[in-house]
Amino acid sequence: MHTDTPYPFPGLNPYFEARWFEVHPSMIAMSLGRLQRQMPRDLRVSIEQGMKISTRFTGADKGIQPDVSVWKVREDTLLASAPPNFAPPVVLEVTTPKPRHLAIRDMDGELVTVIEFLSPTNKHGSGAHAYLQKRLGLIDSGVNLVEIDFVRKWGLALAQFEDDQAVESIQQTKGCLAPHATTVFRAELPQQREVYLITYQQSLPAIRVPLRPDDQDIWLNLQELAEQCQTDCAFDKFTDYTRAPEPPLSPKDSAWLDEHLKAKGLR
C-alpha cells in the first residue's frame, strides 16, 4: 500500500496495539497540539511523567524521570568480622519508569486535568497497582481525569478500575461491553463517569475534555488522532493485513475484520 492510501478502518485500527511503542507517543504528541490550540490563556497543556498535583516551590530539576529504568550497581563494603567465604552482594536499586501523560495546569502549576492513553503495563501486575494508586490520588485530589483505553491486552480498563455496579449498568444499557472505552471523571461530579464505548465497526468519538468548573470543555477528536497516527507511523507500509492482529480479537470482531478487509482488497 502507498502512504496516500485512505485510512482503511471505520474507527480504531485493530493493528495499532502490535506497535503500541510507536502509537502511544505519537497519540500523545498529536493530542498536545490539538488541545493547546483550544486552551484558555491562563491554562497550558504539557507532556509529563510521574504525578505532581502542584508544581509550586519545586526545584528546576525535581520531578524529572528517565524514559527507561535505571539500574544503579554498587558493591557493599566488607565488614571487619566477615567470614572467609563471604562475597559482597551486588545491590540493585531499580527506578521504575513512569509512563507519559498529558497534563493541563494553570499558571501557578496547579493540576487541572490529566489525559492518559493507557498501555498494557497499566492494566497488569505491579503496573496496574501503581496506576490504580495514581488514579485514586488524582480523583481524591479533585483533578479531572480522562482515560483512553485503545489496547486489548489484559482486558478493558473500565472493568478493572471501576466498581462492578458501573460495569453492570453499562451491560444492562448496551447489552455488552465494548472492547475499548474512554472514561471521563469530572472533579465537580465525583459520583459520575462519562463513558464513551468504542467498537471497531464505528467511528471513534470526539470526546469532551473537562477543565475548571467555569471553563468550557475542549474537544479531543480520537478519529482524527487514529487517522493521523496511521500516516505518521507508516502503518500501510509495514502492516500485513492478511495476518490476524495481536492480541487476538473476539470471534465476532475477527469475523467482521475478515469481511471488512476482503471488501477493501486487503485480504
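Every residue gets a number counted from 1 within its own chain, in the order that chain's sequence is written. For this predicted model, a pLDDT threshold of at least 70 governs which residues receive local features, and a threshold of 80 or more governs which side-chain atom pairs are given and counted, while totals over whole chains, interfaces and linings are taken from all residues. Hydrogens and water molecules were not included; the side-chain quantities draw on all heavy atoms of the structure.

1. Brief notes about the pattern of salt bridges
Inference 1: Salt bridges are defined by distance alone: a side-chain nitrogen of Lys or Arg within 4 Å of a carboxyl oxygen of Asp or Glu. All chains considered together, the criterion is met by 15 salt bridges.
Inference 2: The shortest N-O distance in the salt bridge between Asp217 and Arg208 comes to 2.9 Å.
Inference 3: Through salt bridges with shared partners, a single network forms among Arg135, Glu147, Glu162 and Arg193.

2. Description of helix α5 (residues 222-232)
Side chains that are three or four residues apart share a direction in an α-helix, a result of its 3.6 residues per turn.
Inference 1: Residue burial is assigned from relative accessible area. The probe radius is 1.4 Å, only protein chains are included, and a residue is buried under 20% of its type maximum, exposed over 50%, and partly exposed in between. Under the scheme used here, helices are H or I runs from DSSP no shorter than 4 residues and strands are E runs no shorter than 2 residues, and both carry numbers assigned from the N terminus. Taken together, the buried positions of α5 are Leu222, Gln223, Leu225, Ala226, Cys229 and Gln230. Take α5 and look down its axis: the buried residues cluster within an arc of 160°, on one side only.
Inference 2: Polar contact is defined as a pair of N or O atoms within 3.5 Å, subject to the rule that within protein one atom must be able to donate a hydrogen and the other to accept it, and that residues adjacent in sequence are counted only when both atoms are side-chain atoms. Here α5 starts with a cap whose side-chain oxygen sits 3.1 Å from the backbone nitrogen of Gln223, and that cap is Asn221.
Inference 3: Note on α5: the residue one or two positions beyond its end, Ala234, has a positive phi of about 55°. What the arc measures is the spread of directions leading from the helix axis to the C-beta atoms.

3. Digging into the nonpolar core
Inference 1: Throughout, nonpolar core names a set of buried Ala, Val, Leu, Ile, Met, Phe, Trp, Tyr and Cys residues whose side chains join them through atoms within 4.5 Å. With 45 residues, the main nonpolar core has Phe117 and Phe150 as its most contacted residues.
Inference 2: The biggest single contributor to this core is helix α1 (residues 20-36), with 6 residues.

4. Notes on unusual backbone geometry
Inference 1: Each neighbour pair has its own omega, and for Glu246 with Pro247 the value is -10°, a cis peptide bond.
Inference 2: Note that Pro247 resides in the loop between α6 (235-238) and α7 (251-263).
Inference 3: Although it is not a glycine, Ala234 adopts a positive phi angle of roughly 55°.
Inference 4: Relative to the helices and strands, Ala234 resides in the loop between α5 and α6.
Inference 5: With a relative accessible area of 16%, Ala234 lands in the buried category.

5. Considerations on the side chain of Asn144
Inference 1: Among the secondary structure elements, Asn144 is positioned in strand β6 (residues 144-149).
Inference 2: Within polar-contact distance, the side chain of Asn144 engages the side chain of Thr113 at 3.1 Å.
Inference 3: If near-sequence neighbours (up to four positions away) are discounted, Asn144 is found in contact with Val112, Thr113, Val114, Phe185, Arg186, Ala187, Pro210 and Leu211. Should any heavy atoms of two residues lie within 4.5 Å, those residues are counted as being in contact.

6. Let's talk about the pairing of strand β9 (residues 206-209)
Inference 1: Where burial is concerned, the two faces of β9 differ: the one with Ile207 and Val209 is buried and the one with Ala206 and Arg208 is not.
Inference 2: Bridge analysis of β9 against strand β10 (residues 218-221) gives 4 bridges, and the strand direction is antiparallel. Bridge pairing in β10 links Val209 to Ile218. Think of it this way: DSSP has to see at least two bridges between two strands before they count as a pair.

7. A few points about the confidence of the model for the chain
Inference 1: The pLDDT value expresses, per residue, how confident the predictor is, ranging between 0 and 100. Of all residues in the chain, 83% attain a pLDDT of 70 or more, and the chain-wide mean is 85.
Inference 2: A low-confidence stretch, residues 57-76 (pLDDT under 50), is modelled with 35 contacts involving residues beyond four sequence positions or located in other chains.

8. Points about the sheet that holds strand β1 (residues 43-49)
Inference 1: The sheet built from 6 strands is open, its strands ordered β1-β4-β5-β6-β7-β8 with mixed pairing. Edge strands, defined here as strands with exactly one partner in the open sheet, are β1 and β8 (194-198). Geometrically, the sheet is characterised by an average inter-axis angle of 15° between neighbouring strands, direction not taken into account.
Inference 2: Note on definitions: angles span 0 to 180 degrees between N-to-C directions of axes, and those axes are lines fitted to C-alpha atoms, for helices only across the stretch in contact. Contacts from α1 reach β1, β4 (100-106) and β5 (111-117), with the element oriented near 165° to β1.

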